[in-house]
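The residues making up each chain are set out below.
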Amino acid sequence: MWDDAFPSFLIGLREGLEAGLIVSILVATLVRAGARSRLPQVWTGVLAAVALAMSFGAVLTFTAASMSGTAQEAFGGTLSVIAVAFVTAMVFWMRRSARSLSGEIKEKVTGALAMGAGMLVVTSFLAVGREGLETALFLWTTARAAGESAGPMAGAGTGIVIAAGLCWGLYRRVLKINLTKFFTATGAVLIVIAAGVLGYGLRDLQEGGVLPGKTAYAVDLSQSVDPGAWYSTLVQGVFNLTPTMTWLQVVAYAGYLGAVMTLFVRGVRTAAVKPVESGESAKSGAGEPAEAAAEGKPSEAGAEGKPDEPEGPARRRPAWVIPVAVVAVPAVVAGAIVVFGGSKPADAQTIAVSEKECGKGFTAPKPGRQTFQMHNTGDKASEVYLIDPASNAVYGEIEGLAPGTTRDLVATVAGGSYAWRCVPTGGKAVTSASVRVSGGAAGKAVVPVSETDLAAPLTSYKQYVNQGLTTLVAQTKQLSDDIAGGNLDAARTDWLTAHRTYSSLGAAYGTFQDFDKKINGRTAGLPDGVTDKDFTGFHRVEYGLWHGQSASDLAAPAARLAEDVTGLQKAFPAQDFDAADLPLRTHEILENTLQFELTGDADQGSGTTLATADANLAGTRELLGVLRPLLASRDAQLLPRVDADIARVQRLLDSAHHDQSWTPVDKLDGAGRARLNGATGQLLEDLAPVPDLLEIRKSA
């Protein structure tokens, strides 16, 4: 995809041109110095730099692949931040050095010629190696952000090929480019891209648990922006801006972009004035170091030292020895790091996953943390679980293991019985023979739930919603009657009562299908905002009640709200409510609350989003109530933590409730708002394991 390829194309073009210019200057200087026989030494250094960069990329890729998911997030986030630092330094360095690059390189070549062949190899290696390492790091980072490598690799390859062509044209003097302007323009674009990479890297560090605030959202357009649309894909691929971003991401993005771009632009203006002030010719801005080197005077070493002539007899070695060595050494070192430096133990078992060979290769492991290499030998994608065959408790799992692929499953093994359960897509679940592990304490496993286990909680929750909808129908009818009778003061009171009832039913992420948008939709994504014909429901009525609209203006929206609620009441018993979604609701309701109510984004004038948050908390408490028996038997410490979190959030919300009024969220003092956001974020953190604990897993 072009959107994934563009950032890598730009870095490939820029870094390729930088490295190519340096090589062009090296070659041109040697040619003018009459030292053509030294050119293989330059190419040897270049080859060594390329080998080092490729080996570095391999270490990043394969070392990260052997880590746990959380460690991968932390590792990737750290390298993203480092990549941003390198790219920023590179942008400023090239802006400063484009004018004087030729002279600096010529001085280094002259010194290298005087010191011998080895120094010329080192000079070319160091000159190109930095660009190679920066390219490898940035390319790995952008590929990880894109979630695929084909686009970034194609973009980088295209950029490098074009850069090579430009350098050849400059060297042969068939092409003229104002390199100062080129590096200035591409530098500005790279700063914007690097800001997105920084935001992405910080998000990874939040997901990896290194930084806090992963649920403190500053922006959430996920319900109004189609993430699969071409424009969403373009913005995310090129700029790493996503529909949902945390406060840390937004602040870092804006802060980096504002500070670095300001310094960069100031530096460009200063550089543009200097040649005039110092009496330099205007032509120096053309930035053609390769051509300047080609037209320069012979170096002293070339004119006097005649470095091509050997000073004495020397034993000749085969010409291929050094090039092979400079490629082999980085490759061997990288291989050793991957094999011995990763988290993958040398004795990791390779376990077959398929209907016919499930568990093949499995022998009793030693107690402790173990890594199993799960290899799908079948022709269907499969799930695989490490289980206790007696209780079906799950110690570890992999979902979506594609045919012919291998992935690591890391689990802590203690005393007990273990077996593998393979669940091919569209096939029958198969359980392997069990093995017995001796020694160590009992391992911690999750007892799976079935649809039958969730049937009773689902029935209880549906009864709760049905009762709430009956109440809501009466409340919205009363609201409509208030407005029809011109009693807008009563309508404002009844609006809040009805909206709190609806919010307590757990409407999040399509719980009520299309009815939720009709009943509680916002203006996001509507072209005409609050005047759009599709803006309906509670927030449409709220806007009118608190923005001075007349009863006649609000009669139709209020009547339509009452009709839509009645429609939901009739449709709900027949709606397809997946039992597996029930545990997700415990997290999703408050996730919506943090994104919309606690930011004030959902407020249309009433200033009652904290009242809505209070109702959402009541809905979450109801869900946890029906799921409590299943959770208590699977994680005894979870519920006390969650209960304490809920009590803390409830106290903070209660402090904003005075008689019949609620403090608007934007009127909270900074400390109070931070405490409420932090307490809600902590509650979300503690609720996060619920979907995994109550995930429905297939059994044999």
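Notes on the structure in this doc start here. (Residues numbered from 1 in each chain as written. Predicted model: local features only at pLDDT ≥ 70, side-chain atom pairs only at ≥ 80, totals over all residues. Heavy atoms only, no water.)

**What to know about the overall build of the protein**
Turning to step 1, where the next piece is worked out: Scanning the protein for helices and strands turns up 22 helices and 12 strands.
Turning to step 2, where the next piece is worked out: Look at the contacts in the protein between residues 6 or more apart in sequence, and 77% of them connect residues 24 or more apart.
Turning to step 3, where the next piece is worked out: As presented, the protein carries roughly 32,300 Å² of accessible surface, and 58% of it is formed by carbon and sulfur atoms. (Helix = DSSP H or I, 4+ residues; strand = E, 2+ residues; numbered from the N terminus. Contact = heavy atoms within 4.5 Å. Areas by Shrake-Rupley, 256 points an atom, 1.4 Å probe, with all protein chains shown as cover.)

**Focus: the packing of aromatic side chains**
Turning to step 1, where the next piece is worked out: As enumerated under the stated definition, the model contains 11 aromatic pairs in all.
Turning to step 2, where the next piece is worked out: The interplanar angle of 85 degrees and the centroid separation of 5.8 Å between the aromatic rings of F92 and F264 together place this pair among those described as edge-to-face. A residue pair is termed long-range when its members are at least 10 positions apart, and F92 in helix α3 (residues 69-97) and F264 in helix α9 (residues 247-278) qualify at 172 residues.
Turning to step 3, where the next piece is worked out: Look at F264 and you get buried, because its relative accessible area is 1%. (Phe/Tyr/Trp six-rings, centres within 6.5 Å; stacked < 30°, edge-to-face > 60°. Buried < 20%, exposed > 50% of the residue type's maximum accessible area, 1.4 Å probe, protein only.)

**Section: the pattern of salt bridges**
Turning to step 1, where the next piece is worked out: With the rule as written, the count across this model stands at 11 salt bridges.
Turning to step 2, where the next piece is worked out: Ionic pairing is found between K533 and D534, a salt bridge with its closest N-O pair at 3.5 Å.
Turning to step 3, where the next piece is worked out: Taking relative accessible area as the criterion, K533 reaches 67% and is therefore assigned exposed. (Salt bridge = Lys/Arg side-chain N within 4 Å of Asp/Glu carboxyl O.)

**Some thoughts on the sheet that holds strand β7 (residues 406-413)**
Turning to step 1, where the next piece is worked out: Judged by pairing direction, the sheet is mixed, and its three strands sit side by side in the order β3-β4-β7 without closing on themselves. Because the sheet does not close on itself, it has two edges, and the strands there are β3 (349-353) and β7. Averaged over neighbouring strand pairs, the angle between their axes works out to 35 degrees when direction is ignored.
Turning to step 2, where the next piece is worked out: Across eight bridges, strand β4 (residues 368-376) lies against β7 in antiparallel orientation. (Pairing = 2+ DSSP bridges. Axes fitted to C-alpha atoms, helices over the stretch in contact; angles between N-to-C directions.)

**As for the nonpolar core**
As a rule of thumb, soluble globular proteins bury nonpolar side chains together.
Turning to step 1, where the next piece is worked out: I483 and L631 are the most contacted members of the largest nonpolar core, which has 65 residues in total.
Turning to step 2, where the next piece is worked out: With residues up to four places along the chain from it excluded, the contact list for L631 reads L624, L638, L639, V690, L693 and L694.
Turning to step 3, where the next piece is worked out: In terms of nonpolar packing, the next biggest core, distinct from the first, is built from 28 residues, V91, L190, L205 and A252 among them. (Core = buried A, V, L, I, M, F, W, Y, C linked by side-chain atoms within 4.5 Å.)

**Observations concerning the state of the cysteines**
Each disulfide consists of a covalent bond between the sulfur atoms of two cysteine residues.
Turning to step 1, where the next piece is worked out: Following the criterion strictly, the structure yields one disulfide and no others.
Turning to step 2, where the next piece is worked out: Between the sulfur atoms of C358 and its disulfide partner C422 the distance amounts to 2.1 Å. Its torsion about the S-S bond being 85 degrees, the disulfide of C358 and C422 is classed as right-handed. With a gap of 64 residues between them, C358 in the loop between β3 and β4 and C422 in strand β8 (residues 416-424) connect regions that are remote in the sequence.
Turning to step 3, where the next piece is worked out: Given a relative accessible area of 0%, C422 falls into the buried group. (Disulfide = S-S within 2.5 Å.)

**A short note on the pairing of strand β5 (residues 382-387)**
Turning to step 1, where the next piece is worked out: For β5, the tally of buried residues reaches five of six residues, placing the bulk of the element in the interior.
Turning to step 2, where the next piece is worked out: As defined by bridge partners, β5 adjoins strand β6 (residues 394-401) across five bridges and the pair is classed as antiparallel. When the bridges of β6 are listed, V384 appears paired with I398.
Turning to step 3, where the next piece is worked out: From the end of β5 to the start of β6, which pair antiparallel, there are six residues, and N392 there has a positive phi angle of about 65 degrees.
Turning to step 4, where the next piece is worked out: Across six bridges, the pairing between β5 and β8 is antiparallel. By the bridge assignment, Y385 is partnered in β8 with R421.

**Looking at the pairing of β4**
Turning to step 1, where the next piece is worked out: Pairing of β3 with β4 involves five bridges; the strand directions are parallel. Along β4, the bridge assignment pairs I351 with M374.

**Focus: the packing of helix α13 (residues 451-484) against helix α14 (residues 488-503)**
Turning to step 1, where the next piece is worked out: Where α13 meets α14, the axes come as close as 9 Å, and the angle between the chain directions of the two elements is 160 degrees. Between α13 and α14, the angle falls in the class roughly antiparallel. Here α13 runs over α14; the crossing is left-handed. On α14, the residues touching G468, T471, L472, Q475, T476, Q478, L479, D482 and I483 of α13 are L488, A490, A491, D494, W495, T497, A498, T501 and Y502. (Parallel < 35°, antiparallel > 145°, perpendicular 65-115°, else oblique. Left-handed = near helix turned anticlockwise from the far one by under 90°.)

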